[in-house]
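Each chain is listed here by its residues.
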Amino acid sequence: MEANYILVRFGELTTKGKNRKLFTNRLLKNTKEILAEFNHLTYDLQHDRMYVVLNGTDHEAVCTKLKTVFGIYSFSVAYKMEKNLELAKQAVLQIIENNDGNTFKINTKRSDKNFPGSSQEINREIAGYVFHHTTKEIKVDVHAPAILVTVEIRYDAIYVMDNIIKGAGGYPVGVGGKALLMMSGGIDSPVAGYLTLKRGVDIECIHFAAPPYTNELAREKVFDLVDKLRHYTHGSIRVHVINFTKLQLAVYDNCDESYAMTVMRRMMYRISEKIANKNNCLALVNGESIGQVASQTLNSMQVINEVVKIPVLRPVLCLDKLEIIDIADRIDTYEISIRPHEDCCTIFTPKAPATKPKLYKAEIFESGFDFETLIDECVETAEIITVDHNYKKNDDIF
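Fair warning: this is a prediction, and the values are worked out from it, not measured in the lab. What you see as residue numbers is a count from 1 along each chain, following the sequence as written. Totals for whole chains, interfaces and linings use all residues, but because this is a predicted model, local features are given only for residues with pLDDT of at least 70 and pairs of side-chain atoms are given and counted only at 80 or more. Side-chain calculation: all heavy atoms of the structure are included, whereas hydrogens and water are not.

Overview of the domain arrangement of the chain
Reports of interface size often rely on the accessible area that becomes lost once the parts have come together. Selection criterion: An automatic or database domain assignment provides the domain bounds reported here. Residues count as neighbours in contact if any of their non-hydrogen atoms are within 4.5 Å of one another. Two parts placed together each lose some accessible area under a 1.4 Å probe, and adding up what both lose gives the buried area. By the criterion applied in these results, polar contacts are pairs of N or O atoms within 3.5 Å in which, for protein atoms, one can donate a hydrogen and the other can accept it, and in which residues neighboring in sequence qualify only through two side-chain atoms. Each residue is assigned to one of three groups, with Ala, Val, Leu, Ile, Met, Phe, Trp, Tyr, Cys and Pro labelled nonpolar, Asp, Glu, Lys and Arg labelled charged, and all others, Gly among them, labelled polar.
What the domain assignment reports for the chain is domain 1 (5-166) and domain 2 (178-397). Facing 6 residues of domain 1, the contacting portion of domain 2 comprises 8 residues. Carbon and sulfur atoms supply 57% of the area buried between domain 1 and domain 2, which totals about 640 Å² over both sides. By the criterion of area lost to domain 2, the three top residues of domain 1 are Glu33, Thr68 and Phe70, representing 69% of everything that side buries. Between domain 1 and domain 2 we count 1 residue pair in polar contact (both at pLDDT 80 or more) in total. Tallied by class, residues from the side of domain 1 that touches domain 2 come to 2 nonpolar, 1 polar and 3 charged.

As structure tokens, then:
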């Protein structure tokens, strides 16, 4: 007997009341996009769950991809069969034989109350069949079983489900609009992007390059990070690459060194807001964490944030570095982030940056040169790269 379904549970989406259909329809759309490589899958969206119909597709490969779909609380490999308890017994036995562990529990749920026997009676009958036919030394554990098999007797069929697999949680990407992620090559910004996607906000990215001070390896590093994030969304993410060299040098020529980082970040925010407005992004996102570097003190954030009207989201604001690294490890971005290729912020870091900058001082330094023209040039010459499954094959990217 082959598994023929994957049952998907919604979790947090069930609290959405009148907007529930909007959320579940978006989840269906995103799931289809992320599983697009599996040509034979079909889908059945119901009020309280979704079925992915395998039609002969390898369920393990599909499960691996499903773990990246935000909006899914959990899922289980399922066997659907006619309402014949003998078939259900065989399916349960197969699940127990195929799983590691020597303890199990049967959990029967009867939506169809006309089906003969109580849930407890059915549990005992199936367990007895397992004990008589299994090739393993096994026992029942109702509190912490290694193998939990759920048998649902519904009006249309019997569903036998394997262990519950934890999903990515959160909301389906796109239900919360779109934001522009300020993507450096560091550890924090990819984690911020991941957490933003998890709350249902789609992203585009902006990256500030400073050739020849930053090289092609630094550029590749950023695209490789975006490539990791795209697996949590619809399979592709656009990156706006800004040639920041001329403006960055102008900042350092016209500012006291202690204020160079503050003014440079103010320029980045201005450019990012213009790119966001051009691309229907409702907010900026970055990886700032309170006090981690000089530009991330509350005083610095206040002075830097003053130049934009658009909301700025900081998903890792109150996480410490070890917590951020833990998430980076989990989403497989950490090893990419620590490659020794510096971005424009780290290359030009001043020796003693101001940690409590004054707004009036930043404005005085900015009044000494025509930064608006340089900002417009950065926006107009932005290079747009789409990172998808083919991006490594595109010779124009690197």
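Details of the side chain of Arg154
Stated precisely, the cut-off is as follows: Secondary structure is summarised from DSSP: a helix means a run of H or I of at least four residues, a strand means a run of E of at least two, and numbering begins at the N terminus for each. With a 1.4 Å probe rolled over the protein chains alone, any residue whose accessible area is under 20% of its type maximum counts as buried; one over 50% counts as exposed, and the rest are partly exposed.
Positionally, Arg154 belongs in the loop between β7 (147-153) and β8 (158-161). On the basis of relative accessible area, Arg154 is assigned to the buried category, the value being 16%. In contact with Arg154, other than residues within four places in its own chain, are Gln46, Asp48, Arg49, Tyr51, Lys83, Ser111, Asp112 and Tyr159.

A closer look at the pairing of strand β10 (residues 178-182)
We apply this condition: Two strands qualify as a pair provided DSSP detects at least 2 bridges between them. Look down the strands so they point away from you; if the path from the first strand over the helix to the second goes clockwise, the crossover is right-handed.
Along β10, 4 of the 5 residues are buried, which leaves the element largely enclosed by surrounding structure. Two strands pair when backbone bridges link them, and β10 and strand β11 (residues 202-209) are joined in this way by 5 bridges, in the parallel orientation. Following the sheet pairing, Leu180 is matched in β11 by Glu204. Viewed along the sheet, the connection from β10 through helix α5 (residues 188-198) into β11 turns out right-handed. Sheet topology note: the β10/strand β13 (residues 284-285) ladder contains 2 bridges and is parallel. Within β13, the position partnered with Leu181 by the bridge is Val285.

Looking at the packing of helix α8 (residues 257-278) against helix α14 (residues 371-380)
Applicable threshold: Angular values range over 0 to 180 degrees, each being the angle between N-to-C directions of two axes fitted as lines to C-alpha atoms, with helices fitted over their stretch in contact. Angle categories: roughly parallel below 35 degrees, roughly antiparallel above 145, roughly perpendicular from 65 to 115, and oblique for all the rest. Two helices cross in a left-handed way if the nearer one is turned anticlockwise from the farther one by less than a right angle. They cross in a right-handed way if the turn is clockwise.
Relative orientation of the contacting elements α8 and α14 amounts to 45 degrees, with a least axis distance of 10 Å. Relative to α14, the element α8 lies oblique. Note that α8 runs across α14; the crossing there is right-handed. On the side of α8, the interface is formed by Met267, Arg270, Ile271, Lys274, Ile275 and Lys278, while α14 contributes Phe371, Ile375, Asp376, Cys378 and Val379. By residue class, the composition of the contact of α8 with α14 is 7 nonpolar, no polar and 4 charged.

Looking at helix α9 (residues 298-305)
This is how the line gets drawn: The reported arc concerns the directions from the helix axis to the C-beta atoms and nothing else.
Of the residues making up α9, those classed as buried are Ser300, Met301, Val303 and Ile304. When α9 is viewed along its axis, its buried side chains cluster within an angular range of 165 degrees and face the same direction. Of the exposed residues in α9, those oriented more than 90 degrees away from the buried face are Leu298 and Gln302. Those residues of α9 that are buried are in contact with α8 and α13 (359-366).

Topic: the nonpolar core
What counts is decided by this rule: Grouping buried Ala, Val, Leu, Ile, Met, Phe, Trp, Tyr and Cys residues that are joined through side-chain atoms within 4.5 Å yields what is termed a nonpolar core.
Of all hydrophobic cores here, the largest spans 47 residues; its most connected members are Ile6, Leu66, Val92 and Val160. Setting aside anything within four residues of it in sequence, one finds Leu66 in contact with Ile6, Val8, Thr31, Leu35, Ile72 and Phe75.

Considerations on the UniProt feature "binding site: ATP" (unreviewed entry) in the chain
Keep this limit in mind: UniProt positions are given in the numbering used here, feature names are shortened, and annotations may be inferred rather than shown by experiment.
Following the UniProt record, one finds the feature "binding site: ATP" (unreviewed entry) at Met182, Met183, His207, Phe208, Arg265, Gly287 and Gln296. For Met182, the location among the structural elements is in strand β10. The exposure class assigned to Met182 is buried, which follows from its relative accessible area of 7%. Met182 has contacts with Ser189, Ile206, Phe208, Arg265, Met268, Tyr269, Ser272, Leu284, Val285 and Asn286, leaving out every residue within four places of it along the chain. The topology assignment puts His207 in strand β11. Owing to a relative accessible area of 7%, His207 belongs among the buried residues under this scheme. The contacts of His207, once residues within four sequence positions are left out, are Met183, Ser184, Val222, Val239, His240, Val241 and Ile242.

Topic: the pattern of salt bridges
We count it as follows: Here, a salt bridge means any Lys or Arg side-chain nitrogen found within 4 Å of an Asp or Glu carboxyl oxygen.
With the rule as written, the count across this model stands at 24 salt bridges. When the shortest N-O distance is used, the salt bridge between Glu86 and Lys89 registers 3.0 Å. With a gap of 3 residues between them, Glu86 and Lys89 both fall in helix α3 (residues 85-98), about one helical turn apart. Exposure remark for Glu86: the relative accessible area of 39% places this residue in the partly exposed category. Bridged by salt links that share partners, the residues Asp48, Arg49, Glu152 and Arg154 form one connected network.

Observations regarding the packing of aromatic side chains
Where we set the bar: Here a pair means two rings of Phe, Tyr or Trp (six-membered ring of Trp) with centres within 6.5 Å. Their orientation is stacked below 30 degrees between planes, edge-to-face above 60, and tilted elsewhere.
On inspection of all chains with the given rule, the structure shows 11 aromatic pairs. Between Tyr5 and Tyr159 the ring centres are 6.2 Å apart and the planes differ by 85 degrees, which places this aromatic pair in the edge-to-face class. Of this pair, Tyr5 sits in strand β1 (residues 5-9) while Tyr159 sits in strand β8; the two residues are 154 residues apart in sequence, bridging distant segments of the chain. Taken as a pair, Tyr5 and Tyr159 share a single burial class, namely buried. Ring centres of Phe208 and Phe244 lie 5.1 Å apart, and the angle between their planes is 70 degrees; this geometry places the pair in the edge-to-face category.

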